[in-house]
Amino acid sequence: MRISDVLRALAPEFGDVSHSKLRFLEEQGLITPVRTPSGYRQYSQADVERLRYVLTEQRDSYLPLKVIKDRLAAMDAGDDEARPAPRLAPAESSARRRWTPEQVAEAAGASPELVEELVRVGAVERSGHGTLGAGSVDVVRIAVALSEHGIEPRHLRTLRSAADRQVALADQVVAPWRGRQSQSAHGEAAAMAAEIGELLTRLHAIWVRQGVADL
């Protein structure tokens, strides 16, 4: 399969996956497509299922790539306990879906008031049409869990601001490549941005875990 075939196969469940995302996962050693003599990547159906596993664990379990890579290595070694429980394919793709606040509240098991408060403090972004992205459901689900510990939406404002600063930092790094006209430069910028984002996320997680361990 060509990379375009892989993207088409993954699109029903992961509509936002891109060429640069696949290249980044390859660079991280999570997938190793074969190369033709002319250098083109070719993927097997097993590669597609491996990618589907990686993307699912990132989306549903919030696992860092290192953990996913270790689990894949365990499965490659024949460890059946490392294999995930079977998942039912979603009835429809939600990656590109736009949600109303009411739909997000229902999907996340939250009150409409909580969703509106998260929008107000900037933890969830509202589009120009008043709808919310599919990622908003995950944000609200986490906010619901945090609320059980007394952490309110207003407390998340500083976390969102910190995340925006990290995005701005990545943007500064990739801006020279993104400003070029060639498609390869744009692909390099996207892959670099994805890698920086993963590294910043891992660094933040390490600091939080270290701090919590000392409490």
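Residues numbered from 1 in each chain as written. Predicted model: local features only at pLDDT ≥ 70, side-chain atom pairs only at ≥ 80, totals over all residues. Heavy atoms only, no water.

**A closer look at the overall build of the chain**
For clarity, the cut-off: Only DSSP runs of H or I covering at least 4 residues are called helices, and only runs of E covering at least 2 are called strands; the numbering of each starts at the N terminus. Working rule for contacts: check all heavy atoms of both residues, and any pair within 4.5 Å makes them a contact. To measure how exposed things are, a 1.4 Å probe is used in the Shrake-Rupley method; for residues, cover is taken only from the protein chains shown.
A tally of regular secondary structure across the chain gives 9 helices and 4 strands. When its helices and strands are written in sequence order, the chain yields α-α-β-β-α-α-β-α-α-β-α-α-α. Looking at the chain alone, contacts between residues at least 24 apart form 58% of all its contacts between residues at least 6 apart. Summed over all atoms, the accessible surface of the chain reaches about 13500 Å², with 55% contributed by carbon and sulfur.

**Thoughts on the nonpolar core**
Note the following rule: Grouping buried Ala, Val, Leu, Ile, Met, Phe, Trp, Tyr and Cys residues that are joined through side-chain atoms within 4.5 Å yields what is termed a nonpolar core. Throughout, exposure labels follow a simple rule: accessible area from a 1.4 Å probe, protein chains only, divided by the maximum for the residue type, with under 20% read as buried, over 50% as exposed, and the rest as partly exposed.
In this structure, Leu 10, Leu 22, Leu 25, Val 54 and Ile 68 are the most contacted members of the largest nonpolar core, which totals 22 residues. Contributing elements (two or more residues each) for this core: α1 (3–10), α2 (19–27), α3 (45–61) and α4 (65–76). If one sorts the elements of this core by residue count, α3 sits on top with 5 residues. In terms of nonpolar packing, the next biggest core, distinct from the first, is built from 18 residues, Val 115, Leu 118, Val 137 and Val 144 among them.

**A closer look at the side chain of Thr 56**
The following threshold applies: N or O atoms closer than or at 3.5 Å make up a polar contact, with two conditions inside protein: a donor-capable atom paired with an acceptor-capable one, and, for residues adjacent in sequence, both atoms drawn from side chains.
Position of Thr 56 relative to the elements: it lies in helix α3. With relative accessibility at 4%, the residue Thr 56 sits in the buried group. At 2.7 Å, the side chain of Thr 56 forms a polar contact with the backbone oxygen of Arg 52.

**What about helix α8 (residues 156–178)?**
Because the α-helix completes a turn every 3.6 residues, residues three or four places apart line up on one side. Selection rule: What a helix is expected to span follows from its residue count: subtract one and scale by 1.5 Å.
Look at α8: 31 Å from first C-alpha to last across 23 residues, which is about the 33 Å you get at 1.5 Å a residue. Those residues of α8 not exposed but buried are Leu 156, Ala 170 and Val 174.

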